[in-house]
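Notes for the structure review
Take a look at the letters that make up each chain.
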Amino acid sequence: METGWKKYWKLFQTTFVISACTFGGGAVIISMLQKEFVENCIG
């Protein structure tokens, strides 16, 4: 598991890419963030 600034950088990168490439508002972004963080970061 990553520690320190690397963890925050990964969080920033993931959130930035999803937000920049998504159309449809908050409901779409929230579901994509949940999928990304739960399936790829935890699982």
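Values in this document were obtained by computation on a predicted structure and should not be read as measured data.

Let's talk about the overall build of the protein chain
Regarding its fold elements, the protein chain presents 2 helices and 0 strands. Across the 43 residues in the protein chain, those meeting the buried criterion constitute 9%. Element-wise, carbon and sulfur atoms account for 67% of the exposed surface of the protein chain, whose accessible area totals about 3,700 Å².

Describing the packing of aromatic side chains
Here the structure, examined in full by the defined rule, presents 2 aromatic pairs. With 5.9 Å between their ring centres and 25° between their planes, phenylalanine 12 and phenylalanine 16 make a pair best called stacked. Highlighted residues: phenylalanine 12 and phenylalanine 16, both in helix H1 (residues 5-20), separated by 4 residues, approximately one helical turn. A relative accessible area of 46% means that phenylalanine 12 is categorised as partly exposed. Chaining the aromatic ring pairs together yields one cluster made of Trp9, Phe12 and Phe16.

Overview of a nonpolar patch on the surface
On the surface, a nonpolar cluster with roughly 630 Å² of combined accessible area is contributed by Trp5, Trp9, Phe12, Phe16 and Val17. One can find tryptophan 9 in helix H1.

Section: the side chain of threonine 14
Tracing the sequence through the fold places threonine 14 in helix H1. Owing to a relative accessible area of 9%, threonine 14 belongs among the buried residues under this scheme. Polar contacts involving the side chain of threonine 14 include one to the main-chain carbonyl oxygen of lysine 10, which spans 2.9 Å. In contact with threonine 14, other than residues within four places in its own chain, are Glu36 and Phe37.

What counts and what doesn't
- Within every chain, residues take consecutive numbers counted from 1 along the sequence as written.
- Local features in this predicted model are restricted to residues of pLDDT 70 or higher, and side-chain atom pairs are both shown and tallied only at a pLDDT of 80 or more, whereas totals for entire chains, interfaces and linings draw on every residue.
- Side-chain metrics rest on all non-hydrogen atoms present in the structure, leaving aside hydrogens and water.
- Helix and strand assignments follow DSSP, with helices taken as H or I runs no shorter than four residues and strands as E runs no shorter than two, numbered in order from the N terminus.
- To sort residues, take the accessible area from a 1.4 Å probe on protein chains only and compare it with the maximum for the residue type: under 20% means buried, over 50% means exposed, and anything in between is partly exposed.
- Each accessible area is a Shrake-Rupley result for a 1.4 Å probe, and residues are judged covered by the shown protein chains and nothing else.
- Two rings from Phe, Tyr or Trp (for Trp, the six-membered ring) form a pair when their centres sit within 6.5 Å of each other. Planes less than 30 degrees apart are called stacked, planes more than 60 degrees apart edge-to-face, and all others tilted.
- Patch building starts from residues that exceed 30% relative accessible area and form no salt bridge, then joins like charges within 9 Å and nonpolar side chains (Val, Leu, Ile, Met, Phe, Trp, Tyr) within 5 Å.
- Any carboxyl oxygen of Asp or Glu that lies within 4 Å of a side-chain nitrogen of Lys or Arg is treated as forming a salt bridge with it.
- By the criterion applied in these results, polar contacts are pairs of N or O atoms within 3.5 Å in which, for protein atoms, one can donate a hydrogen and the other can accept it, and in which residues neighboring in sequence qualify only through two side-chain atoms.
- In this analysis, two residues are considered to be in contact whenever any of their non-hydrogen atoms come within 4.5 Å of each other.

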